Amino acid sequence: MREIVFSLLGPLDVRVDHRSIQVGGGRRRTVLTMLLLSPGRVVSVDSLIDAVWPAGAPTTARNQIAICVAGLRKLFKDVTDPAHLIATSHPGYVLNPQGHRIDAVVFEDTVRQARELARGGRTAESCDAYAEALSLWRGRALEGVTGPRVEGEAAQLEELRLNVHEEYAGLRLQLGRHRTLIPELAALVMENPLREQVRAHLMLAQYRSGRRAEALALFREGRRLLIDELGIGPGPILTGLHELVLNDSPELTQPPVNPAPAPVADVVAQLPTASASFTGRVKELSALDRMLDERLGQSPLAIAAISGIAGVGKTALAVQWANQIAGRFPDGQLFTDLRGYDEMDAPVSPATALDRFLRSLGVPAPRIPADPGDQAALYRSVLGGKRVLIVLDNARSFRQVQPLLPGNGRCCVIITGRELMDELIGDYAVLSLGLNAMAPQEATALLAEVAGADRIVADPSATERLGVLCDRLPLALRIAGARLAAKPHWSVRNLVTRLENQRRRLDELSPGEGGVRAGFRLSYRDLSPQARELYRRLGLLSVPDFASWVGAALVDTDAVDAEDLIEQLVDTQLLEVAPSSGPAIRYRFQDLLRLFAWERAQEEESEENRTAALERAYGGWLALADAARTRTYGGDHTVSYGRVTPYPLAAELTDELLANPMDWLESERTALRDVIKQAAAGDHTAAYAWGLTVNSTTLFEAHNYLDDWSTCADHALAAAVRTGDTLGEATMLRSQATLAIYQRHYEEAEPLLARALALFNACGEIHGRAVTLRNLALCARFSGDLDGAMRDAREALEGFRRAGDIAGESHALGLLAQLELERGNPAEGIALCTDAIAMSRKAGSVRGETQNTYRLAEALLRRGDPAAAEETCVKVLTLTRQDGDRLGEAHALRGIGEARWRQGAWESAQSALLQALEVADEVSDRFLRARIEADLGCALAVRGTPEAALRLEAARAVFEELRAPVWQEQMAKVLKNVTAAGGPVSPQDLIDVLEG
């Protein structure tokens with residue numbers, strides 16, 4: 001596998017072995033750029049659409065994005081595994097940077113190294129690293145790739161570039177390179193006249209080069225520009241330097257290279273020792289570095305607020321960074337634990353914290369006023385002009401920290417707390433870092449630090465699983481590592497086995513009264529009673545994520561109140577927002593927090609309350625899934641679910657969620673799969689499993705989620721048999737048979753349908769019987785028994801009419817039309833197709849209309865009107881793409897291809913059929929693929945190429961394997977005709993063979 005070099009720091013450029021690769025048009029370049037800007041992270045399809053079409057996307061946008069990604073994968077197929085390079089990951093795509101080079105990533109890594117070297121006093125080496133980083137730039141970032149999203153990212157890269165230029169210049173000034181710097185800095189000032197730091201660097205370089213008058217003139221020019229352009233005067237960087245130049249201050253003389261810090265007597269230094277096992281958090285440390293570089297010495301004050309759930313490593317990160325930057329604060333470092341979340345003690349009051357800080361800063365006790373307001377004023381006065389680092393750990397609220405904030409920009413404040421403080425964001429220029437779980441490699445590194453690298457690397461898969469079981473929370477990882485260190489005879493897999501038991505996991509990670517559970521308990525304790533109830537009931541569900549309406553069902557309240565309660569849980573870090581491109585915001589647990597919520601529910605809720613809550617939630621999913629199926633399927637037929645009933649949700653909420661039913665089903669796909677499994681496990685809830693499976697089939701079929709379909713139907717069937725639910729058993733047997741038909745396994749479907757029909761007859765279920773008969777007709781048709789298929793289809797049609805299902809009636813009419821066509825009766829087929837289309841429209845079924853319009857196209861072909869058939873298939877193609885129906889799209893493209901070769905247009909036929917093949921491969925329909933191969937063979941036979949016979953033989957072999965004798969026989973005849981011709985075959989000769 002060869003390395004691909006992606007270059008963003010200039011015009012977009014892609015090279016393999018020093019050879020430039022042409023990416024393609026603007027859309028493809030934009031999609032690739034968006035993926036490269038977030039390497040290793042999922043970029044949603046919605047984000048890609050917004051980047052490509054900022055003024056508004058067409059209805060085919062999602063399909064076009066998929067085409068762009070397919071084109072990019074094809075571009076790199078000879079270099080690397082294209083699916084590994086650009087992987088599909090809900091809700092979008094992710095570019096894997098491993099094994100490849102992205103210049104923007106290399107740039108940031110090199111700058112980070114340069115800053116570390118500078119911190120360590122290795123100035124010359126740092127300058128070399130900065131020079132190496134800047135050498136990667138070839139012009140303006142992403143020049144030539146347009147659109148607000150990309151241009152915004154490019155502006156951020158340009159801003160970083162300027163910051164690096166300034167840092168690099170500052171270090172070279174320390175090394176005495178002021179004379180050589182002047183031309184470079186003059187050019188930077190000309191390009192960026194309002195940047196005060198670069199102007200200050202140029203002033204200092206000019207002053208040290210004996211050009212004092214030019215330095216003063218440069219200041220005056222900057223002041224005028226700032227007033228004229230922004231209406232503000234110069235900041236402290238420029239004004240302070242100006243004063244020093246006017247006074248020829250000794251401070252302006254060149255400092256010694258790598259000066260040793262001067263000893264300071266009686267300086268407060270309260271920082272705790274950084275953890276010896278601290279690892280990772282590189283992204284967060286870099287963000288803190290940038291914040292300090294940009295804000296220190298300016299107004300407003302430099303503040304970093306680190307928030308996150310207990311055990312996520314807030315204090316460890318704050319202490320690690322504080323120790324790294326302590327040298328930049330020679331006037332002292334203050335630290336206090338405000339005990340905002342403490343099991344035994346109340347939070348520290350601002351007055352108490354101020355008293356301690358004032359004493360630490362050397363204020364005699366008699367001078368400390370009693371009034372808290374006066375204390376805060378004195379505190380700010382003492383800090384005035386000083387460079388002090390202040391760490392406020394474990395803060396509870398903004399009210400607790402506000403009096404502890406200094407008044408000058410030469411200080412820096414680090415705040416940690418479980419909740420994000422909105423007041424800070426509103427009133428201060430704060431860097432807010434929401435700390436989440438560690439990255440997998442960071443978790444592995446932390447375990448290795450605590451438990452020893454040899455044991456951790458000995459079993460990589462067990463180590464990865466251990467990280468997952470600990471939610472990659474630093475606290476849990478440290479406890480797990482410590483347990484391994486204390487048990488040298490244990491392997492990593494031994495501990496994994498113990499933690500796999502969900503009922504013991506929190507015990508294993510909560511030694512004594514401390515550990516993970518203790519931290520969670522404090523957050524839970526401080527919730528309102530209503531939020532605690534919702535939290536523990538959410539823990540009863542096994543779904544990966546959920547929308548707020550689920551909370552409404554669990555506690556039997558309205559959706560707005562439930563959303564408010566959920567947002568409380570998000571604010572306290574007990575829940576987090578999950579990525580989603582669906583119609584509603586989705587939320588999720590970390591596994592350990594879910595286990596804690598489940599524990600609370602078992603301890604604090606009765607079994608009756610737990611069961612009732614779950615049934616309401618299952619009922620809510622059933623109500624929405626039923627409505628989604630109805631809106632997609634059409635008509636207003638009401639399905640009976642036997643022993644269970646849907647939980648009604650507000651009509652306006654249902655309409656909002658189901659504005660696009662397929663989008664809602666897609667957003668709930670994994671949740672539905674897990675709900676079905678969970679409901680199937682309970683005796684009182686088993687019927688929800690088959691009800692949800694029936695309605696989810698709409699999604700499973702349209703998007704080819706065949707494994708989900710099979711798994712859900714199997715769980716639901718087993719539950720129905722176990723609980724003696726005849727209606728459920730019949731329905732799931734029919735669902736399994738429908739899946740077999742979809743996969744063209746008709747021999748498997750028939751016995752399942754026979755069992756289902758007997759059960760439907762036994763319980764008198766008319767509608768279920770009609771659907772089963774329709775499917776039996778499909779099996780008979782495929783095996784060549786057209787008379788039997790007609791009999792079953794007519795009986796199904798009567799059943800749908802008796803049940804009042806007009807959408808089902810339209811499907812049965814369409815099937816009858818298909819059968820008439822295959823019996824050689826195109827006139828009857830066209831008449832039935834027309835009736836079926838009208839019935840589909842009456843039912844409001846887009847999918848039914850699409851399928852019946854496709855059948856009309858086939859009827860037109862049999863009547864000998866390929867031009868009208870092509871026009872009709874183009875309508876089908878439009879409908880399928882609007883509905884996101886990939887299977888229907890493949891059928892439409894195949895129909896277009898057949899209509900074209902019948903008209904002698906083999907080249908345009910081939911183009912449509914090759915597109916159809918790509919889609920058919922995506923949906924894994926072998927029968928459809930064989931039909932496309934057959935049409936490709938016919939198109940190539942019209943052209944007269946030898947490949948025609950190969951295509952036809954491939955199709956015949958698949959039809960034989962699938963036991964489709966009618967199609968197998970047709971292909972054998974066509975193949976014989978083509979082979980005998982030995983050259984081009986007229987379309988009419990092929991048609992005569994196919995229809996003779």
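What you see is a predicted model; the values in this text were computed from it and never measured. (Residues numbered from 1 in each chain as written. Predicted model: local features only at pLDDT ≥ 70, side-chain atom pairs only at ≥ 80, totals over all residues. Heavy atoms only, no water.)

Notes on the overall build of the protein chain
Item 1. From N to C terminus, the protein chain includes 48 helices and 15 strands.
Item 2. Taken across its 996 residues, the protein chain has 54% of its residues classed as buried.
Item 3. In the form shown here, the protein chain has an accessible surface area of approximately 42200 Å², with 50% of it arising from carbon and sulfur atoms.
Item 4. A distance of 3 Å separates the average location of the 110 positive side-chain charges in the protein chain from that of its 133 negative side-chain charges. (Helix = DSSP H or I, 4+ residues; strand = E, 2+ residues; numbered from the N terminus. Buried < 20%, exposed > 50% of the residue type's maximum accessible area, 1.4 Å probe, protein only. Areas by Shrake-Rupley, 256 points an atom, 1.4 Å probe, with all protein chains shown as cover. Lys, Arg positive; Asp, Glu negative; His and termini not counted. Charge placed at Lys NZ, Arg CZ, Asp CG, Glu CD.)

Side note on the pairing of strand β9 (residues 333-337)
Item 1. Burial analysis of β9 places four of its five residues in the buried class, which makes it a mostly covered element.
Item 2. Sheet analysis places β9 next to strand β10 (residues 389-395), joined by five bridges and oriented parallel. Among the inter-strand pairings, threonine 336 is bridged to a residue of β10, identified as leucine 392. (Pairing = 2+ DSSP bridges.)

Details of the pattern of salt bridges
Item 1. Tallied over the entire structure, the rule returns 66 salt bridges.
Item 2. Salt-bridge contacts for arginine 211 lead to glutamate 214; the nearest nitrogen and oxygen are separated by 3.0 Å.
Item 3. A relative accessible area of 37% places glutamate 214 in the partly exposed class.
Item 4. Note that arginine 823 and aspartate 787 form a salt bridge whose closest N and O atoms lie 2.7 Å from each other. On the criterion of sequence distance, the pair formed by arginine 823 in the loop between α39 (806-822) and α40 (826-843) and aspartate 787 in helix α38 (residues 786-803) is long-range, its members being 36 residues apart.
Item 5. We classify arginine 823 as partly exposed; its relative accessible area is 37%.
Item 6. Three or more residues joined by partner-sharing salt bridges are found here, namely Glu533, Arg536, Arg537, Arg600, Glu603, Glu604 and Glu605. (Salt bridge = Lys/Arg side-chain N within 4 Å of Asp/Glu carboxyl O.)

Side note on the confidence of the model for the protein chain
Item 1. Per-residue confidence for the protein chain gives a mean pLDDT of 87; residues scoring 70 or more make up 96%.
Item 2. This model gives residues 259-265 a pLDDT under 50, and the stretch forms one contact once residues within four places in sequence are excluded. (pLDDT = per-residue confidence, 0-100. Contact = heavy atoms within 4.5 Å.)

Thoughts on the pairing of strand β5 (residues 86-89)
Item 1. Where β5 and strand β6 (residues 92-95) come together, four bridges link them in antiparallel fashion. Its bridge partner being in β6, serine 89 is matched across the sheet by glycine 92.

Section: the nonpolar core
Item 1. Judged by nonpolar contacts, the single largest core of 225 residues is most densely connected at Leu466, Trp549, Trp621 and Trp664.
Item 2. With 57 residues, the next largest nonpolar core counts Leu9, Ile21, Leu72 and Ile86 among its residues. (Core = buried A, V, L, I, M, F, W, Y, C linked by side-chain atoms within 4.5 Å.)

Let's talk about the packing of helix α7 (residues 148-174) against helix α8 (residues 178-191)
Item 1. At a minimum axis separation of 10 Å, α7 and α8 run at an interaxial angle of 160°. It follows that α7 is roughly antiparallel to α8 by the angle criterion. Classified by chirality, the crossing of α8 by α7 is left-handed. Only His178, Leu181, Glu184, Leu185 and Leu188 of α8 make contact with α7, whose side of the interface consists of Leu162, His165, Ala169, Arg172 and Leu173. (Axes fitted to C-alpha atoms, helices over the stretch in contact; angles between N-to-C directions. Parallel < 35°, antiparallel > 145°, perpendicular 65-115°, else oblique. Left-handed = near helix turned anticlockwise from the far one by under 90°.)

Overview of a negative patch on the surface
Item 1. On the surface, Asp558, Asp561, Glu563, Asp564 and Glu656 cluster together to form a negatively charged patch.
Item 2. It is helix α27 (residues 559-571) that provides the largest number of residues to the negative patch, a total of three residues.
Item 3. Relative to the assigned elements, aspartate 561 resides in helix α27. (Patch = residues over 30% accessible without salt bridge, like charges linked within 9 Å, V, L, I, M, F, W, Y side chains within 5 Å.)

Some remarks on the sheet that holds strand β4 (residues 43-44)
Item 1. In spatial order, the strands read β4-β6-β5; together these three strands make up an open sheet with antiparallel pairing. The open sheet has two edge strands with one neighbour each: β4 and β5.
Item 2. Where helix α1 (residues 26-37) meets the sheet, it contacts β4, β5 and β6, and its direction lies at approximately 65° from that of β6.

Some thoughts on a nonpolar patch on the surface
Item 1. A contiguous nonpolar surface patch, about 250 Å² in accessible area, is contributed by Leu194, Leu230 and Ile232.
Item 2. Position of leucine 230 relative to the elements: it lies in helix α10 (residues 212-230).

Side note on the environment of arginine 847
Item 1. Within the fold, arginine 847 resides in helix α41 (residues 846-862).
Item 2. Separated by 41 residues in the primary sequence, arginine 847 and glycine 888 have C-alpha atoms spaced 8.7 Å apart.
Item 3. Apart from the residues within four sequence positions on either side, arginine 847 is in contact with Thr632, Thr698, Ala702, Asp883 and Asp885.

Section: the packing of aromatic side chains
Item 1. Going through the model one piece at a time under the given rule, you end up with 20 aromatic pairs.
Item 2. Counting every residue linked through ring pairs, the aromatic cluster contains Phe520, Tyr524, Tyr535, Phe546, Tyr587, Phe589 and Phe596.
Item 3. The ring of tyrosine 524 carries the charged tip of arginine 532 above its face, separated from the ring centre by 6.0 Å.
Item 4. Against the face of tyrosine 705 rests arginine 669, its NZ or CZ located 3.6 Å from the ring centre. (Phe/Tyr/Trp six-rings, centres within 6.5 Å; stacked < 30°, edge-to-face > 60°. Lys NZ or Arg CZ within 6 Å of the ring centre and 35° of its normal.)

With respect to unusual backbone geometry
Peptide bonds are, in most cases, trans, and in most cases residues other than glycine have a negative phi.
Item 1. For aspartate 471, which is not glycine, the phi torsion reads 55° and is therefore positive.
Item 2. With respect to the helices, strands and loops of the structure, aspartate 471 is situated in the loop between α20 (460-469) and α21 (474-486).
Item 3. Backbone geometry at asparagine 704 places phi at a positive 65°, although glycine is not the residue there.
Item 4. Along the polypeptide, asparagine 704 turns up in the loop between α33 (686-702) and α34 (706-723).

Focus: the sheet that holds strand β15 (residues 586-588)
Item 1. Here we have three strands laid out as an open sheet, ordered β13-β15-β14, and antiparallel in their pairing. If you trace the sheet from one side to the other, it starts and ends with β13 (546-547) and β14 (576-578), each paired once.
Item 2. With three bridges joining them, β14 and β15 adopt antiparallel strand pairing. What sits directly across from glutamate 576, in β15, is arginine 588.

Details of the side chain of threonine 654
Item 1. With respect to the helices and strands, threonine 654 occurs in helix α30 (residues 651-657).
Item 2. Dropping the residues within four chain positions of it, threonine 654 is found in contact with Leu624, Ala627, Arg631 and Leu649.

Remarks on the side chain of arginine 195
Item 1. Relative to the elements of secondary structure, arginine 195 occurs in the loop between α8 and α9 (196-208).
Item 2. A polar side-chain atom of arginine 195 sits 3.0 Å from a polar atom in the side chain of glutamate 159.
Item 3. Within the structure, arginine 195 has its side chain in polar contact with the side chain of asparagine 163 (distance 2.8 Å).
Item 4. When neighbours within four sequence positions are excluded, arginine 195 is seen to be in contact with Glu159, Leu162, Asn163 and Glu166. (Polar contact = N/O pair within 3.5 Å; in protein donor to acceptor, adjacent residues only side chain to side chain.)

Digging into the state of the cysteines
Between two cysteines, a covalent bond joining their sulfur atoms is known as a disulfide.
Item 1. According to the stated counting rule, one finds zero disulfides in the structure shown.
Item 2. The thiol of cysteine 412 is not disulfide-bonded; the next cysteine sulfur, from cysteine 411, is found 8.8 Å away. (Disulfide = S-S within 2.5 Å.)

Focus on the environment of tryptophan 967
Item 1. Within the secondary structure layout, tryptophan 967 lies in helix α47 (residues 965-981).
Item 2. Residue classification places tryptophan 967 among the buried residues on the basis of a relative accessible area of 18%.
Item 3. Residues in contact with tryptophan 967, not counting those within four places in the same chain, are Phe927, Arg931 and Phe959.

Some thoughts on α33
Item 1. For α33, with 17 residues, the first-to-last C-alpha span of 25 Å sits near the 24 Å given by 1.5 Å per residue.
Item 2. Considering bend angle alone, the principal kink of α33 is centred on serine 696 and spans about 40°.
Item 3. Among the 17 residues in α33, 16 count as buried, and that is most of the element.
Item 4. Following α33 by one or two positions, asparagine 704 has its phi on the positive side, about 65°. (Expected span 1.5 Å × (residues − 1). Bend = angle between axes of the 7 residues up to and from the residue.)

A short note on the environment of glutamate 143
Item 1. Mapped onto the elements, glutamate 143 comes out in the loop between α6 (123-134) and α7.
Item 2. The class of glutamate 143 is partly exposed, set by a relative accessible area of 43%.
Item 3. For the pair glutamate 143 and proline 11, spaced 132 residues apart in the sequence, the C-alpha separation amounts to 4.4 Å.
Item 4. Ignoring anything within four residues of it in the chain, the contact list for glutamate 143 reads Gly10, Pro11 and Leu12.

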